[in-house]
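Survey of secondary and tertiary structure
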Amino acid sequence: MGSLDAADEPLPPLKYPQARRDDGIVDDYHGFLVPDPYRWMEELDSEEVKEFVGAQSAVSDAVLSTCDHRGRLRGQLTALFDHPRFRAPFKRGGSYFYFHNPGLRPHSALYVQRGLGGDPRVLLDPTAFSEDGTVSLGVVGVSDGGDHLAYGTSASGSDWVTVRVMRVRDGEHLPDTLSWVKFSRIAWTRDGLGFFYSRFPAPRDGEEAVDSGIKTDVNLNHQVYYHFLGTDQSQDVLCWRDPDHPKYIYIPQVTEDGKYVILSVSESSDPVNKLYYCDLSALAHGLEGLKGSTHGMLPFVKLVDRFEAHYSLIANDGTEFTFLTNKDAPRYKLSRVDVDEPGSWTDVLPEDEKAVLESACAVHGDKLLVNYLSDVKYVLQMRSLVTGELLHNIPIDIGTVNGISGRRVDSEVFIEFASFLTPGIIYRCDVSTEVPEMNVYREISVPGFDRNEFEAKQVFYPSKDGTKIPMFIVSKKNLNLNGSHPALLFGYGGFGVSVTPQFSVTRVVLMRNLGFVACVANIRGGGEYGEGWHRAGSLANKQNCFNDFAAAGEFLVAAGYTNPARLCIEGGSNGGLLVAACLNQRPDLFGCALAHVGVMDMLRFHKFTIGRAWTCDFGCSENEEEFRWLIKYSPLHNVRRPWEEADDPRRGGGQYPPTMLLTAEHDDRVVPSHTLKFLAMMQHVLRAGAEGSPQTNPIIARIERKSGHGCGRSTQKIIDEAADRYAFAAKVMGVSWID
């Protein structure tokens, strides 16, 4: 196990603040009594919590001040981040819109140009939103004619956004301002008169405002509205709500022909939803006829009214709709239905025997660009929208298709690609020709990065139950497998999310300047092999995720890539839970742990903000059977002293490795109390800093100010956090700088 003795200059003994324990807080879960002595840390705006955060931040600042590589890492990261970055353009009317950051600007700006040969201009620059870069651009939507832009801004990384509207022609803002918007899409109607969006009710008088960024109440009673340009939000038309189902979340989408609005209805993060639709052309007086109405909502028809599968709209031709779905197809397929005959579902593109159908995009009339994931590698094809027939394979390198931008009215498509060693390529594909022509439209270049210095490969290793798990390993070429290299092992394993090859400036700096081997384990719980892979790592099977991750570490050690003292594990959100659970279960296997914004209290996560939506993956402590799963691995409830378990060879009888927990004070998705309670529990149980305690490795927290769950962070915040956490890892694992 990693220890401070491995560092060139060991840290002095640390003195941690003593958190108050309220031993009177004990919950009865189905006859099982569970203390919760740090319940007071859930009151995030209390002075006691603020004092605790300040004291813990002082400890972490003291540790970071001793990390010799911190300044050099920040310098190298800044140098490599200083390169132009682009996203794929999208077309509305005759204009092209795209995001671009010339280098070190806090956020990418939205540009517009008339035609591909036109002169680009900045339409919206988030840098102007705030002096410190903590207000970011969230949801955006451009009207079909390209005349107006509606966009949402988020303060301090919050999920709450405020929507405003501007004219594209001259950049002038309209008076429109929409509040209480969250988990929403901006869905313009084809006439450009307004758009659908989703919001929660405004709080009643006396309730907490969201300006503080730390509102933790459960989000209930989502509603869909239509906003007419140039009007006050109070005049918006209420299109749908369902007070009998307050947990439902609604995402509106207008079909490309403008005739229908589709509602995707979900209750959790599970890949299942209901489908409602409304024929806008059938409204006698259009949407304007609903202005001022106090009783009527849109006459939505419930096409799918059971949470049985996932449905995502691909295209429609009149009343015939094509959906991407996992209905009786865990690796997904394309199905079609005539809404006038709702029982007439037929498969257009059946489920593949091995590959997962990740996405489909209808382009140039009746063509489809489909994207498969095969052994975590992307396969791109052109198919017929009518029959599903394969028309052409489109060759791409091993990497990730991050986006496809195209519509049925256009003959050109933009495809965004990246890999571990490819910073980014945007291809322009002419799909009007018999054989699609792929041309490089833009290629992202990082000065000082030479891909020929590195190599990326995929391996498959056995987990505890023998299941073969894929893992990518990226390193310098010609690595000597003598077990001496520092390694960074990343994982997620939840909610059907696939972790695919991406370029990372930070990874390049670690490999080049500190000799790291970077590893990504595609553990169960993700979507790399479809819903079966997801289900194998959720609910009663969640322990498989931790077993898979630990087995990845064991493989890296056995294969000679690293050794336990130099193996750092990292993950965020559900991945933060992964790291924390593995810390508790296998403290002997790791030399450092970095757990970002993790779900640490598995008995109470559902009581805050949108946490209730995660019970589909985790279960819920209010159910006795599910409580028994959760209590076994909940990080907060499983901190134990390894030195008192010397007879357990998997725990080693040593101490916990150096650990940095990362959170942000404005995280309103996984609220900071998860990390604060786990931090206090670790320091207490392990007697960290106490005289004579075997726990001499540091247990610290980096608590970001004016930031949230991770979205919308400025470039500088990204650089500073990366420099801090990897300087810490290098310090505690005794890693030297390579000039």
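What counts and what doesn't
Residues numbered from 1 in each chain as written. Predicted model: local features only at pLDDT ≥ 70, side-chain atom pairs only at ≥ 80, totals over all residues. Heavy atoms only, no water. UniProt positions renumbered as here; feature names shortened; annotations may be inferred. Domains from an automatic or database assignment. Contact = heavy atoms within 4.5 Å. Buried area = accessible area lost by both parts, 1.4 Å probe. Salt bridge = Lys/Arg side-chain N within 4 Å of Asp/Glu carboxyl O. Polar contact = N/O pair within 3.5 Å; in protein donor to acceptor, adjacent residues only side chain to side chain. Nonpolar A, V, L, I, M, F, W, Y, C, P; charged D, E, K, R; others polar. Phe/Tyr/Trp six-rings, centres within 6.5 Å; stacked < 30°, edge-to-face > 60°. Buried < 20%, exposed > 50% of the residue type's maximum accessible area, 1.4 Å probe, protein only. Lys NZ or Arg CZ within 6 Å of the ring centre and 35° of its normal. Helix = DSSP H or I, 4+ residues; strand = E, 2+ residues; numbered from the N terminus. Axes fitted to C-alpha atoms, helices over the stretch in contact; angles between N-to-C directions. Parallel < 35°, antiparallel > 145°, perpendicular 65-115°, else oblique. Left-handed = near helix turned anticlockwise from the far one by under 90°. 1 Å grid on protein atoms, 1.4 Å probe; cavity = no way out; pocket = protein on both sides within 12 Å on 5 of 7 lines; lining within 4 Å. Points joined across faces, edges and corners; volume = space filled by probe spheres on them. Pairing = 2+ DSSP bridges.

The name recorded for the protein chain in an unreviewed UniProt entry is Prolyl endopeptidase, from Panicum miliaceum. Looking at the Catalytic activity (unreviewed entry) heading of the UniProt record, one finds this comment for the protein chain: "Hydrolysis of Pro-|-Xaa >> Ala-|-Xaa in oligopeptides."

1. Comments concerning the domain arrangement of the protein chain
Under the domain assignment used here, the protein chain contains domain 1 (26-79 + 457-733), domain 2 (84-128) and domain 3 (143-307). Taking only C-alpha atoms into account, the centre of domain 1 sits 36 Å from that of domain 3. Listed as interface residues are 25 residues of domain 1 and, on the opposing side, 23 residues of domain 3. Taking both sides of the interface into account, the surface hidden between domain 1 and domain 3 amounts to around 1,900 Å²; carbon and sulfur atoms contribute 50%. Looking at the side of domain 1 facing domain 3, the largest losses of area belong to Arg612, His666 and Asp668, adding up to 34% of the total buried there. Inspection of the domain 1/domain 3 interface yields two salt bridges. Its salt-bridge partner being arginine 535, residue aspartate 270 comes within 3.0 Å of it at the nearest N-O pair. Joining domain 1 to domain 3, the criterion identifies nine residue pairs in polar contact (both at pLDDT 80 or more). When its residues are assigned to classes, the side of domain 1 that touches domain 3 shows nine nonpolar, seven polar and nine charged.

2. Some points on the packing of aromatic side chains
For the coordinates displayed, the defined rule picks out 37 aromatic pairs. Judged by centre distance (5.5 Å) and plane angle (15 degrees), the ring pair of phenylalanine 90 and phenylalanine 97 falls under stacked. Accessibility expressed as a relative area gives 17% for phenylalanine 90, which makes it buried. Phenylalanine 97 sits in the buried class, given a relative accessible area of 0%. With centroids separated by 5.9 Å and ring planes inclined at 15 degrees, the aromatic side chains of phenylalanine 449 and phenylalanine 454 adopt a geometry described as stacked. Take phenylalanine 449 and phenylalanine 454: they sit in the same class, and that class is buried. Taken together, the ring pairs connect Tyr260, Tyr277, Tyr311, Phe321, Phe323 and Trp345 into an aromatic cluster. The residue whose ring lies beneath lysine 274 is phenylalanine 307, and the NZ or CZ to ring-centre distance is 4.8 Å. Cation over ring: arginine 442 sits above tyrosine 98, and NZ or CZ is 4.5 Å from the ring centre.

3. Topic: the pattern of salt bridges
Considering all chains together, one arrives at 44 salt bridges under this definition. The shortest N-O distance in the salt bridge between glutamate 624 and arginine 628 comes to 3.2 Å. With glutamate 624 and arginine 628 both in helix 8 (residues 624-633) and four residues apart, the pair spans about one turn of that helix. For glutamate 624, a relative accessible area of 39% translates into the label partly exposed.

4. Points about the packing of helix 2 (residues 70-81) against helix 10 (residues 715-733)
Following both chains from N to C, one finds helix 2 and helix 10 inclined at 140 degrees, their axes separated by 9 Å at the closest point. Between helix 2 and helix 10, the crossing angle belongs to the class labelled oblique. Handedness of the crossing formed by helix 2 with helix 10: right-handed. Taken together, the residues of helix 10 that come into contact with helix 2 (itself represented by Arg70, Leu73, Arg74, Leu77, Thr78 and Phe81) are Thr715, Ile718, Ile719, Asp720, Ala722, Ala723, Asp724, Tyr726 and Ala727. Among the residues making up the contact of helix 2 with helix 10, the classes are represented as nine nonpolar, two polar and four charged.

5. As for unusual backbone geometry
Backbone geometry places valine 376, a non-glycine residue, at a positive phi of 65 degrees. Phi angles above zero are rare outside glycine, and phenylalanine 495 is one such case at about 60 degrees. Among the structural elements, phenylalanine 495 can be located in the loop between strand 34 (487-490) and helix 3 (505-514). Relative accessible area serves as the criterion here: at 17%, phenylalanine 495 is assigned to the buried category.

6. Brief notes about empty space enclosed by the protein
A complete count under the given rule lists two cavities of 30 Å³ or more for this structure. For the largest cavity, the full set of lining residues is Gly133, Thr134, Ser156, Gly157, Lys706, Ser707, Gly708, Cys711, Gly712, Arg713, Ser714 and Lys717. Split by residue class, the lining of the largest cavity holds one nonpolar, eight polar and three charged. Quantified by volume, the second largest cavity comes out at close to 30 Å³. Around the second largest cavity sit Asp27, Tyr29, Val34, Asp36, Asp601, Leu603, Arg604, Leu636 and His637, which together line it. By residue class, the composition of the lining of the second largest cavity is four nonpolar, one polar and four charged.

7. Digging into the sheet that holds strand 19 (residues 301-304)
Think of a sheet as strands paired side by side through backbone hydrogen bonds, with each pair either parallel or antiparallel. Taken in spatial order, the four strands line up as 16-17-18-19 in an open sheet, and their pairing is antiparallel. With partners counted over all chains shown, the strands left at the sheet margins are strand 16 (249-254) and strand 19, one partner each. Pairs of neighbouring strands in the sheet enclose a mean axial angle of 30 degrees, with direction left out of account.

8. Notes on the side chain of arginine 408
Positionally, arginine 408 belongs in the loop between strand 28 (400-405) and strand 29 (412-419). Filtering out sequence-adjacent residues up to four positions away, arginine 408 remains in contact with Glu256, Ala315, Asn316, Asp317, Ala362, Val363, His364, Gly365, Asp366 and Leu385.

9. Focus: the packing of helix 2 against helix 3
Where helix 2 meets helix 3, the axes come as close as 10 Å, and the angle between the chain directions of the two elements is 130 degrees. Looking at the two axes, helix 2 sits oblique to helix 3. The handedness of the crossing between helix 2 and helix 3 is right-handed. Residues Leu73, Gln76, Leu77, Leu80 and Phe81 of helix 2 form the contact with helix 3, whose own contacting residues are Val505, Thr506, Val508, Val509, Leu510, Arg512, Asn513 and Leu514. For the contact of helix 2 with helix 3, the residue count by class is nine nonpolar, three polar and one charged.

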